[in-house]
Amino acid sequence: MNKNYSPQDFFACVPKVFLKQYFDSHSVMQDVDFESKDDDFNTKILASWAVLDETQRNDMETHFQEIHALSNEKGMNALIDEALFHGEALNDTFEENELVGFEARAFWSFLNREALWKNALSLNYADNLTHWKKRSELGDYPAKVDEPSVQRFTIALGEYFGSDLYMGKNCQVECLKRVIDGKNYDYFFAYPEDYARVYRNWESGKTKNHVQRKVLEVIFVYCREQQSLDVWCQFRSEVVKALQKIFANEILGIELPKPVRVKKEYELDAFKQSMPNLIYVPQTGIESIRVNKLRITMSHSKDKITLEANTHDDPQAVYKL
């Protein structure tokens, strides 16, 4: 399925049996023969889709975009991790139901594992974000996820955004737990109140201006085993430092320690050739290495050639390229 959602790609990729089950539950698309093997099936279903009531179609389109978002490797990992937290080996369930492909597994989970869905979407969203800010060497402290501690954390975040940044003081925090490679991660999804803005929306076939205070997004990911905190937000570094301090105070119950600056230098010449077998010393903090990009500088020239490959399934992919 393509990276960007579109009804054409979605209907072409997901199993027809799940489409029929979904549409039957909404009492729509009764005129579509989902057992048809005609080449123009996609054209017929799109024609029926186009004439549905706008409100009803909007609701279903939201569901389809969620299914599309989890129809990939990261989405499956989020679903599997969330299921594991609830005591289910979801991979085994997929095999028992003979579900092949990301699209089939994501759609089946939407229809049959509603309890996993919302949290899996949140985890997958976090997995696809970039430019996180990391703090390490925080010390070995458990994250306080009891309701009073989370409530104090929520209030502290609201007061900071309201008083220091002059936004709204409302805030909401949702907590999730996750295990990755034997390590425990605590996720805190915070939704402070943004500045008031004017948004132009469609309403009853016309565009109208609406003054709204939408939510901001701030995500904290704490790993006790690694003594690390990752923060994602779209703010300058001074705000990130303030958020780290609030987290340390309210969730870890400590004063944020001064950052330890460690300059690490690595000799990379060995990786010009195919990846050797490496032995990792625990003190380095390195667990694995994959080279996914090589840049070749031409002799006696400023010209350069860059080779980049997907090394997820094959660590040697860039060398083969």
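Relevant structure appears above.
Residues numbered from 1 in each chain as written. Predicted model: local features only at pLDDT ≥ 70, side-chain atom pairs only at ≥ 80, totals over all residues. Heavy atoms only, no water.

Here we look at the overall build of the protein chain
No. 1: From N to C terminus, the protein chain includes eleven helices and nine strands.
No. 2: A principal-axis box enclosing the C-alpha atoms of the protein chain has dimensions of 65 × 55 × 50 Å.
No. 3: By the burial criterion, 36% of the 321 residues in the protein chain qualify as buried.
No. 4: Restricting to contacts in the protein chain with at least 6 residues of sequence separation, those with at least 24 account for 57%. (Helix = DSSP H or I, 4+ residues; strand = E, 2+ residues; numbered from the N terminus. Buried < 20%, exposed > 50% of the residue type's maximum accessible area, 1.4 Å probe, protein only. Contact = heavy atoms within 4.5 Å.)

Examining helix α4 (residues 54-69)
No. 1: Helix length check: α4, at 16 residues, gives a terminal C-alpha distance of 22 Å against a target of 22 Å (1.5 Å per residue), a fit within 8%.
No. 2: Inspection of α4 places M60, F64, I67 and H68 among the buried residues, and these make up the whole buried set. Around the axis of α4, the buried residues are gathered within 95° of arc, so they sit on the same side. Relative to its buried face, α4 has exposed residues pointing more than 90 degrees away, namely E54 and T55.
No. 3: The backbone nitrogen of T55 has a side-chain oxygen 3.1 Å away, supplied by the residue at the start of α4, namely D53. (Expected span 1.5 Å × (residues − 1). Arc of directions from axis to C-beta. Polar contact = N/O pair within 3.5 Å; in protein donor to acceptor, adjacent residues only side chain to side chain.)

A short note on the sheet that holds strand β3 (residues 183-190)
No. 1: Across the sheet, five strands lie side by side as β1-β7-β6-β3-β2; this open sheet has antiparallel pairing. Across the chains shown, the open sheet's two edge strands, defined by having one partner strand only, are β1 (133-135) and β2 (173-180). Across this sheet, the average inter-strand angle for adjacent strands is 20°, counted without regard to direction.
No. 2: Two elements, β3 and strand β6 (residues 218-223), share six bridges in a ladder whose sense is antiparallel. Within β6, the residue paired with F189 across the bridge is I219. (Pairing = 2+ DSSP bridges. Axes fitted to C-alpha atoms, helices over the stretch in contact; angles between N-to-C directions.)

Overview of the packing of helix α2 (residues 16-25) against α4
No. 1: Closest axis-to-axis distance for the α2/α4 pair is 12 Å, and the angle between their directions is 150°. For the element pair α2 and α4, the recorded crossing hand is right-handed. For the pair α2 and α4, contact is made by L19, Y22 and F23 and by M60, H63 and F64, respectively.
No. 2: Grouping the constituent residues of the contact of α2 with α4 by class yields five nonpolar, one polar and no charged. (Left-handed = near helix turned anticlockwise from the far one by under 90°. Nonpolar A, V, L, I, M, F, W, Y, C, P; charged D, E, K, R; others polar.)

With respect to the pattern of salt bridges
No. 1: The tally for this structure, following the rule as stated, stands at 15 salt bridges.
No. 2: Of the charged contacts in the structure, one is a salt bridge between K44 and D40, with a shortest N-O distance of 4.0 Å.
No. 3: Close ionic contact of D230 with K134 constitutes a salt bridge, the shortest N to O distance being 3.0 Å. Here D230, found in strand β7 (residues 228-232), pairs with K134, found in strand β1; they are 96 residues apart in sequence, far enough to count as distant.
No. 4: Looking at D230, the relative accessible area reads 16%, which means it is buried.
No. 5: We classify K134 as partly exposed; its relative accessible area is 48%.
No. 6: Salt bridges linked by common partners bring D81, D127 and R178 together as one network. (Salt bridge = Lys/Arg side-chain N within 4 Å of Asp/Glu carboxyl O.)

Digging into the packing of aromatic side chains
No. 1: Enumeration according to the criterion identifies 29 aromatic pairs in this entry.
No. 2: Seen from their ring centres, Y22 and F110 are 6.1 Å apart, and the 50° between their planes marks the pair as tilted. Of the two residues, Y22 sits in helix α2 while F110 sits in helix α7 (residues 102-112), which places them 88 residues apart along the sequence. Accessibility classification places Y22 together with F110 in one group, the buried group.
No. 3: For K16, the ring lying beneath its charged end belongs to F41, and the centroid distance is 4.2 Å.
No. 4: A cation over a ring is seen here: K214 above Y199, with NZ or CZ 4.1 Å from the ring centre. (Phe/Tyr/Trp six-rings, centres within 6.5 Å; stacked < 30°, edge-to-face > 60°. Lys NZ or Arg CZ within 6 Å of the ring centre and 35° of its normal.)

Things to note about a nonpolar patch on the surface
No. 1: Taken together, the side chains of I296, M298 and I305 make up a nonpolar region of the molecular surface, amounting to roughly 240 Å² of accessible area.
No. 2: As for its position among the elements, I305 is in strand β9 (residues 304-308).
No. 3: The partly exposed category is assigned to I305, whose relative accessible area is 40%. (Patch = residues over 30% accessible without salt bridge, like charges linked within 9 Å, V, L, I, M, F, W, Y side chains within 5 Å. Areas by Shrake-Rupley, 256 points an atom, 1.4 Å probe, with all protein chains shown as cover.)

With respect to the environment of N184
No. 1: Here N184 shows up in strand β3.
No. 2: Those residues in contact with N184, other than ones at most four positions away along the chain, are R178, V179, Y222, C223, R224 and E225.
No. 3: Side-chain polar atoms of N184 contact the side chain of E225, separated by 2.8 Å.

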